[in-house]
Amino acid sequence: MIYRESGQYKTSYEADRAVFPLRQDRIGIAVIIAAAYAAGVFGSDFLLQAVLIPFLIFSLAAIGLNILVGYAGLLSLGTGAFMGVGAYACYKLMTAFPEVNVVVWILMSGFFSAAVGVFFGLPSLRIKGFYLAVATLAAQFFLQWSFNRIPWLYNYNISGAIEAPLTTLFGVPITGATATAEARYLVVLTLVIGLTWLASNLVHGRIGRQWMAIRDMDIAAELIGIRPLHAKLMAFACSSYFVGVAGAMMVFLWYGGAEYNVFNIDQSFFILFMIIIGGLGSLIGSFMGAALIFMLPIGLGIVLPAITEPFGITVGAATIEHLRFMIVGALIIFFLIVEPHGLARLWQIGKQKLRVWPFPY
Amino acid sequence: MNANTTVERVAAPQAAPVAQGGAAVVARPDAAAREVLLAVENVSLGFGGVKALTDVSFDIRKGEIRAIIGPNGAGKTSMLNCINGFYHPTEGRITFKGETRQKMRPHEAAAGGIARTFQNVALFKGMSTLDNIMTGRSLKMRANLFWQLVRFGPATREEVEHRRKVEDIIDFLQIPHIRKTPVGKLPYGLQKRVELGRALAMEPELLLLDEPMAGMNLEEKEDMSRFILDVNQEFGTTIALIEHDTGVVMDLSDRVVVLEYGRKIADGTPDEVKANQAVIDAYLGVPH
Amino acid sequence: MDLLSQIFVEPFALMVEMPDLLVQTLWEGFVSGVLYALIALGFVLIFKASGVFNFAQGIMVVFAALTLVGFYAMGVPAIGALVLAVAVMFALAWTVERVVLRPLVNQPDIILFMATFGLTYFLIGFGELVFGGEPKQMITDELMLPTGASDFEFGGGYVRIQHLDIAAAVIASIMIATLGVFFSKTRIGRALRAVADSHKAALSVGISLNQIWVIVWFAAGIVALVTGIMWGARSDVSFALQIIALKALPVLILGGFTSIPGAIVGGLIIGIGEKLGEFYWGPIIGGGIESWFAYVIALIFLLFRPQGLFGEKIIERV
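Owing to the predicted nature of the structure, the values given are computational and were not obtained by experimental measurement.

Cut-offs applied
- Residues numbered from 1 in each chain as written.
- Chains lettered and ligands numbered in written order.
- Predicted model: local features only at pLDDT ≥ 70, side-chain atom pairs only at ≥ 80, totals over all residues.
- Heavy atoms only, no water.
- Pairing = 2+ DSSP bridges.
- Helix = DSSP H or I, 4+ residues; strand = E, 2+ residues; numbered from the N terminus.
- Buried < 20%, exposed > 50% of the residue type's maximum accessible area, 1.4 Å probe, protein only.
- Axes fitted to C-alpha atoms, helices over the stretch in contact; angles between N-to-C directions.
- Parallel < 35°, antiparallel > 145°, perpendicular 65-115°, else oblique.
- Left-handed = near helix turned anticlockwise from the far one by under 90°.
- Nonpolar A, V, L, I, M, F, W, Y, C, P; charged D, E, K, R; others polar.
- Phe/Tyr/Trp six-rings, centres within 6.5 Å; stacked < 30°, edge-to-face > 60°.
- Lys NZ or Arg CZ within 6 Å of the ring centre and 35° of its normal.
- Core = buried A, V, L, I, M, F, W, Y, C linked by side-chain atoms within 4.5 Å.
- Contact = heavy atoms within 4.5 Å.

Let's talk about the pairing of strand β3 (residues 172–175) of chain A
Residue and element names in this part refer to chain A. Bridge count for strand β2 (residues 167–169) against β3 is 3 bridges, and the pairing is antiparallel. From the neighbouring strand, Thr168 faces β3, where its bridge partner is Pro173. In sequence, β2 turns back onto β3 through a hairpin of 2 residues, with Phe170 there showing a positive phi of about 50 degrees.

Structure follows, in structure tokens:
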């Protein structure tokens, strides 16, 4: 009864094309954002550091990949490496120009991954489907190799790792060892909200329509005047931008440091799984998928021992990891069979039901 | 049996649905005298050893409705594909608006003012009717990436302005009730209509229709014929159409070109084509 | 100038100066090429018959080997373990057909492709859960595979050839020949080729698609098992092998998705090209280029011939 559009008339095309045409939706989003900020102030360090920060970062990476796979229909297996490009670019920028604020560099680093993404996206004009997926593997393995074998990228550190130096925002440390989880969380949250808003504008406008046109019927899209290479490269650029920023945030606002193998192919796959489960071509699905895939091992770690311990069986961390692989794999197949549009579609169906509740006929 | 029916239809176009609906248009005698919009000269097209088109020449004049007919596999769709740059003729040339081109990409053809619908509906299945038609406006939208990112200023103004145009098309095609429906869920006849809408959104000078009435029932065919005539008369759009329903073709078009096995066998007004012995042979078959 | 000489002169000079090294490198490349070709063969079998690009083929190789070694570790004699491993591959084929393929029939290719990602991760988790995640030794001796090596004198030096590698090449050839006969001479082979041409037409003449799918997935499983044994004997058996198994993908791009000769030629090109690249040109840019060299070869190749070595030019229709 509460969730209704009745009585909300749209009198202009401006109002009709809003992202959240329903008042209830707008209120809901506002409440969620407010709660997210409140969590930063009242949440425990564990909640922030182990759950919310990585959730937000993975969500952003998933949004990036969703632009490419879900909206433009170009399958990429190189997400991990593009995150790496963002992270290493950010590291180089930070250490070369320490006087500029780190948030600026995190946002700038995305442009580097965008450029690299465009380069590796060039073959997408001639090849599609599986072929393109294999081509992106070239990016994955080549870039990962670069992070390891080109010492200039990690400033010739003996350890071969990159580490977040101490930096501040408004006098509060946000990267490095002394930065509190709270400060980092608030930065991450703000950046993710801002970037999600930009992504949402993109996919709801002309560029988003062009991507979907290319995805649904590339020949027809070209025949109505969409330049395929232009649209596809734009998708690679935008996608890699978000992915790269997510990578930079991952290293500087979450891990505090990283080695080349953080950005391996498993990382690529898990982000791909997030969007398959969450819903291809859906921004809210990116958040849901990230939540499910990322929270799964945490949940398993809590739930499994609780079930098995009374029977005297101890579950090791390795077993949980194996189970996680199994469950994720099974979930992928399950969602592809039962609901190829992922959690986002289930969410929509739920809303639809709520709209007519309690009188469905 | 089939061949017989066809001949009857060729011989008796007045029995065609459009004529019954009272929408018959007398072929305008001046069609042949107008300015040439598109000229196809000696075009041949081959794929490896297979020749899809051999030495075909014809022209399309401003403001006319030009039909391309012929039996299955005659090369009609290949011809349209050549015109809008999806295939490149192996020989010959195509001149559009006085410009001859060797290799033109489809999006360049679109920018030049050629729009197209497809034999098997080629809509963007994941998008709504509105978005499908809006996509047809892509070429006319200019707001840059920055404004689109912030969804403000020029981007919004542009969206609204084009939305208005798109709504006009939606009204014209009488499909406002399916504005927000994903096109994948629409029945076939409506999908064809949306596809026409998408092509119209491009405000083309030349509209290519590949079997706009295939698989439609009588009523839908009448509607579609009406839309085609309206587009031609109200917007002055030049139309080239492929259609199997000979009755419809004879009623709608000003001039007809007939292809068989990739060759042109006849060209002229519907009445001339109807009387042409080669055409009758092509449709009926010749005893060997 | 120096760099140009390093790239264009010195490697070739080295090849001529020390032909034994060159032959050794070529041989190593040949052997890994054979193994890549075998993995690619599994892909081709499945792709031809069901149109599924089975990303999990590489994992099936590791999974098959792990099953074999795992059963042996549980005390089953080597032959028994081999039989059990074959049985497991059949069970896998049957389950995949039931659980994954059948519900997804008529879905877009890319959906099935992604479903095989799910299969990949499921198999990794399942294999490690049952048999443990640590690397294992292949039971080379117990399966009566030859070990040891022979040295041949060549061009002023010695070329060392592992007996196991020879065995691998021979077994691979036998298997490919058997598959060839199977495809061209038997009733099932004919049905397989019919399905490869057109699912619908095959259905209309009474070929059971589901049965065919089980058969090809099982055949691919057997190929995977053989590949796994060979590969496991050359290194450890662990899921780290999957990175190598992924190299079958560039092989497929070279050879085309549907051509068995293509898979073989592509495998050899990638195997040899990669070893030569690593040995002669790798040091210039820091080594370790084996991890991506194959993909880059394939990528460059794709730009010029998107349809693969043996594929026909694709004509798009609207």
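And the narrative resumes.
Let's talk about unusual backbone geometry
Residue and element names in this part refer to chain B. Despite not being glycine, Asn42 has its phi angle at roughly 50 degrees, a positive value. Take Asn42: it is sitting in strand β1 (residues 36–47). By relative accessible area, which is 43% here, Asn42 ends up partly exposed.

Focus: the packing of helix α3 (residues 19–50) of chain C against helix α13 (residues 260–281) of chain C
Residues and elements named next belong to chain C. For the pair α3 and α13, the least separation of the axes is 6 Å and the interaxial angle reads 140 degrees. Looking at the two axes, α3 sits oblique to α13. Helix-helix and strand crossings are classified by hand; for α3 and α13 the assignment is right-handed. Of the residues assigned to the contact of α3 with α13, the class counts are 19 nonpolar, 6 polar and 3 charged.

A few points about the packing of aromatic side chains
Applying the stated criterion to the full structure yields 46 aromatic pairs over all chains. An aromatic cluster is defined as three or more aromatic residues linked by ring pairs; in this entry it consists of Phe269, Phe270, Phe273 and Phe325 of chain A together with Phe43, Phe53, Phe55, Phe113, Phe117 and Tyr121 of chain C. Lying over the aromatic face of Phe270 of chain A, Arg324 of chain A brings its terminal NZ or CZ to 4.2 Å of the ring centre. A cation over a ring is seen here: Arg198 of chain B above Phe124 of chain B, with NZ or CZ 4.6 Å from the ring centre.

Looking at the nonpolar core
Judged by nonpolar contacts, the single largest core of 300 residues is most densely connected at Trp211, Phe263, Leu272 and Phe273 of chain A, Met79 of chain B together with Phe117 and Trp217 of chain C. Top contributing element to this core by residue count: helix α10 (residues 228–255) of chain A, with 18 residues. What Trp217 of chain C contacts, discounting residues up to four positions off in sequence, is Ile46, Ser50, Val52, Asn54, Met60, Ala93, Val96, Leu101 and Leu119 of chain C.

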